[in-house]
Amino acid sequence: MRIRRRQFIQAGIAGAALLTLARWIDRPVSAAPAAYRFLDARGVKSVGALVPVVLAGALPADEEARRAAVADVVAAFDRAVAGLSIPVQQEMGELFSFLHTAPLRVAVAGLWSPLEESTPQQIGEFLLRWRDSPFALQRASYRALTQLIQAAWYGNSTSWAAIGYPGPPAVG
Amino acid sequence: MAVRDPIREGLAAGWKVTDAATLERDLELETDVVVIGSGAGGGVSAESLAAAGLDVVIVEEGPLASSTDFRMREREAYPQLYQESSARQTTDKSITILQGRCVGGGTTVNWTSSFRTPARTLAYWKETAGLKRTGAHDLDPWFARMEERLAIAPWAVAPNENNDVLRRGCAKLGYAHGAIARNVKGCANLGYCGMGCPINAKQSMLVTTIPAALSRGARLVHRARVTRLVIEGDRVVACEAAGVAGNGAKPTDTRIRIRARHYVLAAGGIGSPAILIRSDAPDPNGLTGRRTFLHPTVISAAVMPQRVDGHAGAPQSIYSDHFIENAPLDGRAGFKLESGPTHPVLTGITLPGFGEDHAGWMKKFPNVQVVIALLRDGFHRESRGGRVMLASDGTPMLDYSMPAYLWEGVRRAYLAMAEIQFAAGAQTVMPVHENAKGYANWKEARDGIDALPMRALAARIVSAHVMGGCAMGPEERTGVVDEDGRHYHLRNLSVHDGSVFPTSIAANPQLSIYALAARSSAALAKTLR
């Protein structure tokens, strides 16, 4: 128990140092698209790559409807993060810095390519690695990414018919 | 027929309400009493103090939303009405905390379940925490008064199928169970209590005590976050607040300063200790923000052969205390069993996994049934609760780690819920845990649950009840406040909310908060008149 605790603390300190490095390397290379409050252009691409994996089997089959749904989910993801507390938004920012900084992404997420260039299988494996990680921070990041995408989709009325939810009842 | 909106009518009739987010210049107010927070504690206090003829200002961090705004859509309701868009979490992210952040606080968005404080909890407070006037039966007249005020009565309508599965499973296994009392009048059994009642049937603070206080001339400043209390010696001399912009994350530039004879903190189990810590309030015994309890809650999802439609109908109408009543306080962790509603977002983020597995469960959405187990924390020596601290920007954080004692309870709760769901005819049961899968029968579930790792961020844990942090105690060595909620070191400060509980309640806490706030407010009014 004691050893595990120490390893965890060491991982935490190493993690903090890496995050500082990531923030330094990850200078904004592109201005955020005007409509977004949290995500920058790279963040939009990263979330856009995660959505079809997290929502596989749930998105519309029709190609055009599917593209529109993914865009809706990315926009709702952005709105949701903008509604979190400032410290949590900063943590989410650090998470994306991590995913956007090549050496860290490889070391910590095991992804050789950026998310938008990874295959769905590689992204799925990355998510499972973080889900089952010995580090609580990675398990928490897995949960944050998947839940924000799931909330963004199932809050959207276009998702309701396929799951048999009739929508809210009429009142008054 | 259009639904009457008592808030919009009151505003039209001239209630004194200020939206601090849109203030163009700083605001200074003077009053007899400022009540910080408008939930169960603040609402009851505001009505009681205003009725005693005192001038009252209520300050609320969240917006004044009312039935016209309550459109039963999760993507609107969660960011609008909950702390941190309903994604508030403990510091390690392992427990999600559902807390109201709107006028009416948690009472605007809770599921209406109303229980008197269990006799065993009160007996423990008397015998172990040393309280003298808050033991079994001491609060009976206050429970009765608040039950009448808020139309609290056992729900006589048949439970929805989601709750009836819990009832049938318990009946089959011989577990004691009962109908939940609810604070409703003219309830249409819609099932959207968690998004604000669209027909004003729920007797929340929003439609009862707060309108009563405002009609007596009380003032309400909403979308205002109290930054600190200004303290001089043993007195509070002012309450400072800032406007809160749109989604609640950032303060605006306008400043509000309220001077009062007396200050009532009712910002809840996280908010009240956080204000005291930000204010450097005297705390010689290091008690403020300590022993914070959550009723850590775990979930079991089932697929039934029949439609359940757990989004429709009163969300909670059946409970079982079998695993509370039969668990001694110094023995293994007890847990209360209830149901939880299934709306698409809530269900989507509750079911673990992603991709095809997750989508497969969502396709069975109409047949999904949910049982929840609320663990009783704070009674056993190993269960010492969490601690409220401040982030670098002054916002509160709650550090809460689950002791082995509670993890053992989590495993037994998963087992108990699965057994009940199978007894009621479930086809598949899945504990809401990252490493669980759907189990096809009780034996498979038992083996699967026995093998699940019990650790943070594997089990999915939620809390809708934050309690403690400003505990009542018989003396300043053991309490932040006395049994009337009076702060031991600040003469004109009281705490009237769930943060005064010395332990968790071991039941949904709203009625416990109402009763204590009513008693404390009556005592306070006498000293101020």
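Everything below is about the structure printed above this text.
Being a predicted model, the structure only gives us computed values, none of them experimental.

**A look at the overall build of chain B**
On a plain count of helices and strands, chain B comes out with 15 helices and 24 strands. Here chain B has a C-alpha radius of gyration of 22 Å; the compact-globule value for 529 residues is 24 Å, and the two agree. Dimensions of chain B, computed from C-alpha atoms along their principal axes, come out at roughly 65 × 55 × 45 Å. Put simply, 75% of the contacts in chain B that link residues at least 6 apart link residues at least 24 apart. Of the roughly 18,100 Å² that chain B leaves accessible, carbon and sulfur atoms contribute 50%. Distance from the positive charge centre (59 side chains) to the negative charge centre (53 side chains) of chain B: 1 Å.

**Quick word on the interface of chain A and chain B**
The partner chain B presents 47 residues to the 47 residues of chain A that form the contact. Carbon and sulfur atoms make up 57% of the surface buried where chain A meets chain B, a total of about 3,800 Å² over both sides. Here chain A and chain B share two salt bridges between them. Measuring nitrogen to oxygen at the nearest pair gives 2.9 Å for the salt bridge that ties R143(A) to E434(B). In this structure, the connection of chain A to chain B is made through 14 residue pairs in polar contact (both at pLDDT 80 or more). For the side of chain A that touches chain B, the secondary-structure elements that each account for two or more residues are α2 (41-54), α3 (63-82), α4 (86-100), α6 (120-131), α7 (136-154) and α8 (160-163) of chain A.

**What to know about the sheet that holds strand β6 (residues 113-114) of chain B**
Pairing in this open sheet of three strands is antiparallel, and the strands run β6-β9-β7 (chain B) from one edge to the other. The strands lining the two open edges of the sheet, one partner per strand, are β6 and β7 (152-154) of chain B.

**Section: the environment of N189(B)**
Residues and elements named next belong to chain B. Checked against the element boundaries, N189 lands in the loop between β9 (181-183) and α8 (209-215). Residue N189 is classed as partly exposed on the basis of its relative accessible area, which comes to 26%. The spatial distance from the C-alpha of N189 to the C-alpha of A312 is 7.3 Å, given a sequence separation of 123 residues. Ignoring any residue separated from it by four or fewer positions in sequence, one finds N189 in contact with W155, V157, A312, G313 and A314. Within the structure, N189 has its side chain in polar contact with the backbone nitrogen of A314 (distance 2.7 Å).

Rules of the game
- Residues numbered from 1 in each chain as written.
- Chains lettered and ligands numbered in written order.
- Predicted model: local features only at pLDDT ≥ 70, side-chain atom pairs only at ≥ 80, totals over all residues.
- Heavy atoms only, no water.
- Helix = DSSP H or I, 4+ residues; strand = E, 2+ residues; numbered from the N terminus.
- Rg over C-alpha atoms; globule rule 2.2 N^0.38 Å.
- Contact = heavy atoms within 4.5 Å.
- Areas by Shrake-Rupley, 256 points an atom, 1.4 Å probe, with all protein chains shown as cover.
- Lys, Arg positive; Asp, Glu negative; His and termini not counted.
- Charge placed at Lys NZ, Arg CZ, Asp CG, Glu CD.
- Buried area = accessible area lost by both parts, 1.4 Å probe.
- Salt bridge = Lys/Arg side-chain N within 4 Å of Asp/Glu carboxyl O.
- Polar contact = N/O pair within 3.5 Å; in protein donor to acceptor, adjacent residues only side chain to side chain.
- Pairing = 2+ DSSP bridges.
- Buried < 20%, exposed > 50% of the residue type's maximum accessible area, 1.4 Å probe, protein only.

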